[in-house]
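# Examination of the molecular architecture
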Amino acid sequence: MADSTGLQFVSPYAFEAMQKVDVVRLAALSDPELRLLLPCLVRMALCAPADQSQAWAQDKKLILRLLSGVEAVNSIVALLSVDFHALEQDARKEQQLRHKAGGSNGESILVSQLQHGLTLEFEHSDPLRRLRLTLSELLAIMNKVADSNGEFFLKSSELFESPVYLEEVADVLCILQAELPSLLPIVDVAEALLHVRNGDWFLCLLVANVPDSFNEVCRGLIKNGERQDEESVSGRRRTEALRQLCQMNPSQALNIRAMVVEECHLPGLGVALTLDYKPDTADEAVSPLVSYVSGLLLGTNGKVRTWFSMFIRNGQQRKRESSSVLWQMRRQLLLELVAILPRSRSTHGPNDSDMEDVGSGYSGLREEYVVKASALLRLYCALMGIAGLRPTDEEAEQLLQLMTSRPPATPAGVRFVSLSFCKLLAFPNLVSTPEQEQLMVMWLSWMIKEEEYFESAAGVSASFGEMLLLVAMYFHSNQLSSIIELVCSTLGMKIAIKPSSLSKMKTIFTQEIFTEQVVTAHAVRVAVTNNLSANITGFLPIHCIYQLLRSRAFTKHKVSIKDWIYRQLCETTTPIHTQLIPLIDAYINSILTPASKANPEATNQPVTEQEILNVFQSGRGGRARYTITTQLLILYYILSYEENLLASTKQLALMQKKPKSYSAALMDQIPIKYLVTQALGLQQELGGLHSALLRLLATNYPHLCLVEDWMCEEEVTGTLPLLRRMMLTSNTCRYTQSQLHQAFQKLPSSSPRLMRILEHLTLLSPGDLIPYADALTASMALLLEPAVPRRILQTLNKLWMGLNTVMPRRLWVMTVNALQPSAKLLRQQRYSQNDLMVDPLIVLRCDKRVYRCPPLMDIVLHMLNGYLLASKAYLHCHLKETADFDRQSQTVSNLGLPGQPDTPEVTREELKNALLAAQDSAAVQILLEVCLPTCEEQQLGANTESLLRSMRSTTMGGDEAEPEGGLLSDLREVQCLICCMLHQMFIADPNIAKLVHFQGYPQALLPLTVAGIPSIHICLDFIPELLAQPQLEKQIFAIQLLSYLCTQYALPKSLSVARLAISVMGTLLTVLTHAKRFSFFMPTLPCLVAFCQAFPPLYDDVAALLVQVGQVCASDVATKARDIDPLIARLQYLKEKPQEVLSPGGGSSKLSLPQRTAEELVGADPDVQLCYRVEATFMDIISSSLHGL
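Values in this document were obtained by computation on a predicted structure and should not be read as measured data.

## Concerning the overall build of the protein
- In terms of helices and strands, the protein carries 65 helices and 0 strands.
- Here the protein holds 1189 residues, and 51% of them are scored as buried.
- For the protein, contacts bridging at least 24 residues in sequence account for 74% of all contacts bridging at least 6.
- Carbon and sulfur atoms make up 53% of the accessible area of the protein, which amounts to about 54700 Å² in all.

Set out below in structure tokens:
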């Protein structure tokens, strides 16, 4: 708004005085300044105040005294004396009239026909007519603004343009707005004033006389403003008006700028206010302009970033104008940049003598300017990369001079060099001439030479040397996208960089500065980062080594990197650095996979076993020499190495290359479970390392991932154990291992003392129990002696389970060796971990007394389950290790038949599966044998059928009592433990259940297995297949098993299988020989009772089968001249009228069965025995059915 030039605006001093009503300050104003504030002061003096205090009364007197000498006060008093109510009514009528007339100005209620021009009329009019003239003109402009739909217009108004009457018109305008606020809202008035000449001057006077409306007016103008103010005349006028308002009230300038950003309107105003802003205390680091523009472009608000970027792009499309806010901003930024450029020709640091050959034309950047220089570099990167600023030649030259200057060796200097280097990569077009290119090359050479000095002098771990190395590696491997990602990450902004723009820099790096051989040789000499963790940010040596490993540069140039990686792994701490796991993976890949097929020996060397052992060995005082992070990373390296080695056997076999696997002895010395348990509590600090270790354990060490162990860990590490350990005070009696050993040796007399020691040990954590493991396991055999209290056994079991959470593999070996039979102990036979994985059944070759000691049997079963899983993993690994290397030697000839190639009869995989199946089934069979009572137990009345019989008696309503001690014996507890384990084995692999039942086991165990193993119902799936077997023993076993299953699981599926069994029995009756018929039907006929009891609808089929069997046997007896007809008659009667067999009264049989002694039956003819067995079966079926009623 150049039309307001020459007019006097309200000064900040005067506005602050008005805002605070500081009468003293007002009195100090000059007459011209005071003249601008008269409307408000006159109203203040004449109107009745709300403040009735004495202080205001004194201030009011001062104001009246101040106004008494001003002539213009009289005209303002006259303006205030009119009837504003009538004036408002006329104004509203005129508005209605204009609305009806469509906005034409033909007829006016406020102003009658004008005889002269508006200015002359205003001069000759009385106060009321002046008010009417001004109000009419103002309402006309406001109506036109409302009807313009956002289109800007400049209203030519004689009243607002005459320099002679500007002050009088301003007085009238202020009085009108103050007296008619509902008719003339100040925001609408301010909007209308933008459309007349001198509008900014009128607006400032209006706001100065109503200082409380400052924020309201500014917000309204900003909300109604354009998104890009430099594009239009209206935007520029609005910006200039708001700028004048903020010059009048500079304390609110930053708040108005915040409104601009919030609304995303008038970007030029935000920049202009920043240029006008003069802080009380200048910030030496960063100027307000740099801070403001950087905040807009680098902030998190994408909407603001896009809005301001559009302002930069649009501003460049217009011709360069000195009045443009954008060019003012660029000029100011360039001045700031030039101001911090080094002026001296000196070089810095202790290496001046070494740098004379690289050109002394470089000059050092002063330390106090480094932070400001970094901020300027980032700002120019944002302007060029995000907002699309195209630098002028002058800007580009000065930027390059700043980027290639040498900062002091401080952390801020390191940051500045990194930013300068990334800006060169992001905007290589800044280097356009050969001289500039030579300047850049010399600066890069200086960076390489000074990197080590900077790192030591600045005391930072992440220096720009690693970034140089990393970029060089990316260029060599043509990973331009990674360079772009690195540049954006360092600059802290997303910039669109074309890969093609990096071709010049790639040539310079790969051919002049960093050849690949120089890169690898330099990288291996770089010192490792001490105490590497995620807290150390920036680009570190580990990033460079990782990229070189990925590109196989070390193996290509035969540079050993093993020692560097080992040293870096030993220098780690929590929280774990994110690059460590990828580094280990890349290192393992470089060990196993050659860089090229032509040179299979081009691989890195693995870490030696001795180096690995050093990590896990304790130092002085029993403390570990390395952190838990190092130990976990080494463990991850070993497990991942072994897994990748197995996965690569085929490719390695084709290359006739077999890398060495780590020995089992080494793995036995590493506390794997303890380390993983420790990692569980450090998941937040370890990132994804814990989950990666669990995945490797589940694959290679499944016996360390048992669900039972995890549940036990919850019991050991839960809240209750923690509370119990809190009871363990520091002065509690401490027991040594020797005291524990002596207490064991003196059993049973030392039982109370041993119990006290064991109870004390239960308060310790599993880690603290490790020293007592030898004493606890070595004395286990002593607990098998009689008279040892059960509580001692249960406490020992609890301690063993606690130790199992931290040292399972070693504990299992010690326990197996301790529980050997006494005869073996005399021979001092000691099993190793490998022995037990090859043959898990060694676990069951323990002292027989363990089989009747439930707490120790629980331990044995736990170890057996673990070693069965370990054996599977061991055989799987062994098969993969030898499969491809020994394939030719493992082939089996096809009997040498001519014309046929030699093909293996069975594959190695099938042999392995067969071995595992035999192993599992053997374990199951041994455990089932353990469930059988011994001769002594049988004499004491132990019966395996007691469990099922008790269930049956409950079902049938009988009162049969359990034999004394049947449910409270050691045998019964061991049976329950074994059944639980078999249940889990059958669920894990149903094929084991099928194999065991095809093999068969003693019929006496069927009641126990059916009642005690819930998952045995799966046998219903394969009983039809078992019935189809040619062996008579398997068919008998199938029918007996089915009879118990039908009683336990009376399901539709059981019914269909029972029908099939009855049908098979009928078929076999017609095909079996005389001898086989007797051996088949004698044990199976009693099973029909269970079928009928479980499924009454089968009665007819069973009765028919029994009659048929009886008829066949009777016919055979008849051939021997014996009369058996009475028996046949009884069977027919039993079949037709079973309800009449038992009398209603006492239940005695009408058809009495002849009582025969066992001797008579044994000596009788087999057919006769079978006939009586048929009759007895009939009677049992009838009896059980009537009992069921």
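## Some words on helix α55 (residues 990-999)
- Within the sequence span of α55, burial applies to Ile992, Ala993, Val996, His997 and Phe998.
- Summarising the contacts, the buried residues of α55 are in contact with α51 (908-931), α54 (970-988), α57 (1023-1027) and α58 (1032-1048).
- Looking one or two residues past α55, Gly1000 carries a phi angle of roughly 85 degrees, positive in sign.

## Focus: the nonpolar core
- Counting 243 residues, the largest nonpolar core has Leu245, Phe308, Met329, Phe421, Phe509, Ile612 and Tyr637 as the members making the most contacts within it.
- Per-element tally for this core: the top contributor is helix α21 (residues 370-385), with 11 residues.
- Those residues in contact with Leu245 that lie beyond four places of it in its chain are Leu203, Cys204, Val207, Phe214, Val217, Cys218 and Leu221.
- Met837, Phe998, Leu1072 and Phe1080 belong to the second largest nonpolar core, which has 132 residues in total.

## A look at the confidence of the model for the protein
- Averaged over all residues, the pLDDT of the protein is 79; the fraction at 70 or higher stands at 81%.
- Confidence over residues 888-903 falls short of pLDDT 50; this stretch has 10 contacts with residues more than four positions distant or in other chains.
- Long-range and interchain partners of residues 1142-1163, a stretch whose pLDDT sits below 50, account for 20 contacts in this model, where long-range means more than four residues apart.

## Brief notes about the side chain of Thr795
- Here Thr795 is to be found in helix α46 (residues 790-804).
- Using a relative accessible area of 7% as the deciding quantity, one classes Thr795 as buried.
- Look past the residues within four positions of Thr795 in its chain and what remains in contact with it is Met755, Leu758, Glu759 and Thr762.

## Overview of the state of the cysteines
- Inspection of the entire model under this criterion finds 0 disulfides.
- No disulfide involves Cys204; its sulfur sits 9.2 Å from the nearest other cysteine sulfur, which is in Cys218.
- Just so you know, Cys976 is unpaired, no disulfide at all, and the nearest cysteine sulfur is the one on Cys979, 6.6 Å from it.
- Relative accessible area serves as the criterion here: at 42%, Cys976 is assigned to the partly exposed category.

## So, the packing of helix α29 (residues 541-550) against helix α32 (residues 580-592)
- The N-to-C vectors of α29 and α32 enclose an angle of 30 degrees; their axes lie 9 Å apart at closest approach. Relative to α32, α29 is oriented roughly parallel. With respect to the hand of their crossing, α29 and α32 are arranged in left-handed fashion. On α32, the residues touching Ile542, Ile545, Tyr546, Leu549 and Arg550 of α29 are Leu580, Pro582, Leu583, Ala586, Tyr587 and Ser590.

## Some remarks on the packing of aromatic side chains
- Taken as a whole and judged by the stated rule, the model has 13 aromatic pairs.
- Summarising the aromatic geometry, the rings of Phe308 and Phe311 are spaced 5.4 Å apart at their centres and angled 45 degrees between planes, so their arrangement reads as tilted. Residue Phe308 and its partner Phe311 are located together in helix α19 (residues 302-317), separated by 3 residues, close to a single helical turn.

## Thoughts on the pattern of salt bridges
- In this structure the tally under the stated criterion is 30 salt bridges.
- For the salt bridge of Arg43 with Glu179, the shortest nitrogen-to-oxygen distance reads 2.9 Å. With Arg43 in helix α4 (residues 38-46) and Glu179 in helix α11 (residues 166-179), this residue pair connects regions lying 136 residues apart in the sequence.
- Glu191 serves as the salt-bridge partner of Arg238, at 2.6 Å between the closest nitrogen and oxygen. Of the two residues, Arg238 is situated in helix α15 (residues 233-248) and Glu191 in helix α12 (residues 186-193); the sequence distance between them amounts to 47 residues.

## Here we look at the packing of helix α9 (residues 127-147) against α12
- Where α9 meets α12, the closest approach of the two axes is 9 Å, and the angle between their N-to-C directions is 85 degrees. Viewed along their axes, α9 and α12 adopt a mutual orientation that is roughly perpendicular. Together, Leu138, Ile141, Met142 and Val145 of α9 and Asp188, Val189, Glu191 and Ala192 of α12 make up the contact between the two elements.
- The class makeup of the residues in the contact of α9 with α12 is 6 nonpolar, no polar and 2 charged.

## A few points about the environment of Ile992
- Within the fold, Ile992 resides in helix α55.
- Note on Ile992: relative accessible area 8%, which makes it buried.
- For the pair formed by Ile992 and Ala917, sequence separation is 75 residues and the distance between their alpha carbons is 6.8 Å.
- When sequence neighbours within four positions are dropped, the list of residues in contact with Ile992 reads Asp920, Val924, Met985 and Phe986.

## Some details on the environment of Cys422
- Checked against the element boundaries, Cys422 lands in helix α23 (residues 411-426).
- Taking relative accessible area as the criterion, Cys422 reaches 1% and is therefore assigned buried.
- Each C-alpha atom of the pair Cys422 and Val471 lies 9.9 Å from the other, and the pair is 49 residues apart in sequence.

## With respect to the side chain of Lys562
- Its location among the elements puts Lys562 in helix α31 (residues 562-570).
- Taking the relative accessible area as the measure of exposure, Lys562 reaches 12% and is therefore buried.
- Within the local environment of Lys562, its side chain forms a polar contact with the side chain of Asp563, the two groups lying 3.3 Å apart.
- Reaching out from Lys562, the side chain makes a polar contact with the side chain of Glu611 at a distance of 3.4 Å.
- Beyond its immediate chain neighbours, meaning those up to four positions away, Lys562 contacts Tyr587, Gln605, Pro606, Val607, Thr608 and Glu611.

About the thresholds
- Residues numbered from 1 in each chain as written.
- Predicted model: local features only at pLDDT ≥ 70, side-chain atom pairs only at ≥ 80, totals over all residues.
- Heavy atoms only, no water.
- Helix = DSSP H or I, 4+ residues; strand = E, 2+ residues; numbered from the N terminus.
- Buried < 20%, exposed > 50% of the residue type's maximum accessible area, 1.4 Å probe, protein only.
- Contact = heavy atoms within 4.5 Å.
- Areas by Shrake-Rupley, 256 points an atom, 1.4 Å probe, with all protein chains shown as cover.
- Core = buried A, V, L, I, M, F, W, Y, C linked by side-chain atoms within 4.5 Å.
- pLDDT = per-residue confidence, 0-100.
- Disulfide = S-S within 2.5 Å.
- Axes fitted to C-alpha atoms, helices over the stretch in contact; angles between N-to-C directions.
- Parallel < 35°, antiparallel > 145°, perpendicular 65-115°, else oblique.
- Left-handed = near helix turned anticlockwise from the far one by under 90°.
- Phe/Tyr/Trp six-rings, centres within 6.5 Å; stacked < 30°, edge-to-face > 60°.
- Salt bridge = Lys/Arg side-chain N within 4 Å of Asp/Glu carboxyl O.
- Nonpolar A, V, L, I, M, F, W, Y, C, P; charged D, E, K, R; others polar.
- Polar contact = N/O pair within 3.5 Å; in protein donor to acceptor, adjacent residues only side chain to side chain.

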